[in-house]
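Read off the chains here:
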Amino acid sequence: IVCALKLDAADEALPPALATALFRVTQELLVNVAMHAEASRVYVKLSRDQTCITLTVEDDGRGITADELHSTRSLGLLGIQERIRALGGTVVISGAQGEGTTAVVQVPLNHAVPEESD
């Protein structure tokens, strides 16, 4: 799968808990693309503005169905939701048959992120 990556927020330090969460979410989303999407391309973008950091993962695969989105067996998607909600963020995943799937993760930068202890 061809992967394009755009990091508009790479030069700015993030709290360790937020950086780890975004890494794990990206990892899970890319695993889902590889295992389920039947995609030939995936686009990953990390951007930051004054209020939030946004991760977008978009593929050109078969498109996630509503049943797959809401299935209790979709543990990876549930884990993503829980991880991001704990940081005060949101996850929106959408897809259309034959048109791919897009996941948009947004986390506010002013949300209190617990510091990791040494």
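Going by the structure above, here's the rest.
Heads up: these notes are all about the structure in this document. Values in this document were obtained by computation on a predicted structure and should not be read as measured data.

Some details on helix α1 (residues 16-37)
The periodicity of an α-helix, 3.6 residues per turn, causes residues three or four positions apart to be oriented the same way. The terminal C-alpha atoms of α1 lie 30 Å apart, and with 22 residues this matches the ideal 32 Å at 1.5 Å per residue to within 8%. Within the sequence span of α1, burial applies to Ala17, Leu18, Ala21, Leu22, Val25, Thr26, Leu29, Asn32, Val33 and Ala37. Along the long axis of α1, the arc covered by the buried residues comes to 165°, so they all point the same way. For α1, the exposed residues set more than 90 degrees away from the buried face come down to Ala34 and Met35. Its buried side turned inward, α1 meets β2 (41-48), β3 (52-59), α3 (75-85) and β5 (100-108). One or two positions beyond α1, positive phi appears at Glu38, with a value near 55°.

As for the pairing of strand β4 (residues 90-96)
Sheet topology note: the β4/β5 ladder contains seven bridges and is antiparallel. Bridge pairing links Val91 to Val105 in β5. Connecting β4 to the antiparallel partner β5 that follows it, the hairpin turn spans three residues, and Gly98 within it adopts a positive phi of roughly 75°.

Some details on unusual backbone geometry
Look at Glu38: it is not a glycine, yet its phi comes out positive at around 55°. Relative to the helices and strands, Glu38 resides in the loop between α1 and β2. In this structure Glu38 comes out as exposed when scored by relative accessible area, which is 66%.

Re the pairing of β5
Examined bridge by bridge, β3 and β5 share seven bridges and lie antiparallel to one another. Within the sheet, the bridge partner assigned to Val57 lies in β5 and is Ala103.

Some remarks on the pattern of salt bridges
Inspection of the entire model under this criterion finds two salt bridges. Across the salt bridge formed by Asp8 and Lys45, the nearest N and O atoms sit 3.9 Å from each other. Of this pair, Asp8 sits in the loop between β1 (2-7) and α1 while Lys45 sits in strand β2; the two residues are 37 residues apart in sequence, bridging distant segments of the chain.

Looking at the side chain of Asp59
Within the secondary structure, Asp59 sits in strand β3. For the buried Asp59, which has no salt bridge, the nearest side chain bearing the opposite charge is Arg62, at an N-O separation of 8.4 Å. A polar contact of 2.7 Å, which involves the side chain of Asp59, links it to the backbone nitrogen of Gly61. Not counting residues within four places of it along the chain, the set of residues in contact with Asp59 comprises Val33, Ala37, Ala39, Arg41, Val42, Glu99, Gly100 and Thr101.

Overview of the nonpolar core
If you look at the biggest cluster of nonpolar residues, it comprises 26 residues, and the most contacted ones within it are Leu22, Ile53, Leu55 and Val105. Elements supplying a minimum of two residues to this core: α1, β2, β3, α3, β4 and β5. Setting aside residues up to four positions removed in sequence, Val105 forms contacts with Leu22, Val25, Ile53, Thr54, Leu55, Ile84, Thr90 and Val91.

Quick word on the sheet that holds β3
Pairing is mixed in the open sheet, where five strands are placed in the order β1-β2-β3-β5-β4. In this open sheet, the two edge strands, each paired with only one partner strand, are β1 and β4. Here the strands of the sheet are splayed against their neighbours by 10° on average, with no regard to which way each runs. Against the sheet, α1 touches β2, β3 and β5, its axis set at about 10° to β3.

Cut-offs used in this document
- Residues numbered from 1 in each chain as written.
- Predicted model: local features only at pLDDT ≥ 70, side-chain atom pairs only at ≥ 80, totals over all residues.
- Heavy atoms only, no water.
- Helix = DSSP H or I, 4+ residues; strand = E, 2+ residues; numbered from the N terminus.
- Expected span 1.5 Å × (residues − 1).
- Buried < 20%, exposed > 50% of the residue type's maximum accessible area, 1.4 Å probe, protein only.
- Arc of directions from axis to C-beta.
- Contact = heavy atoms within 4.5 Å.
- Pairing = 2+ DSSP bridges.
- Salt bridge = Lys/Arg side-chain N within 4 Å of Asp/Glu carboxyl O.
- Lys, Arg positive; Asp, Glu negative; His and termini not counted.
- Polar contact = N/O pair within 3.5 Å; in protein donor to acceptor, adjacent residues only side chain to side chain.
- Core = buried A, V, L, I, M, F, W, Y, C linked by side-chain atoms within 4.5 Å.
- Axes fitted to C-alpha atoms, helices over the stretch in contact; angles between N-to-C directions.

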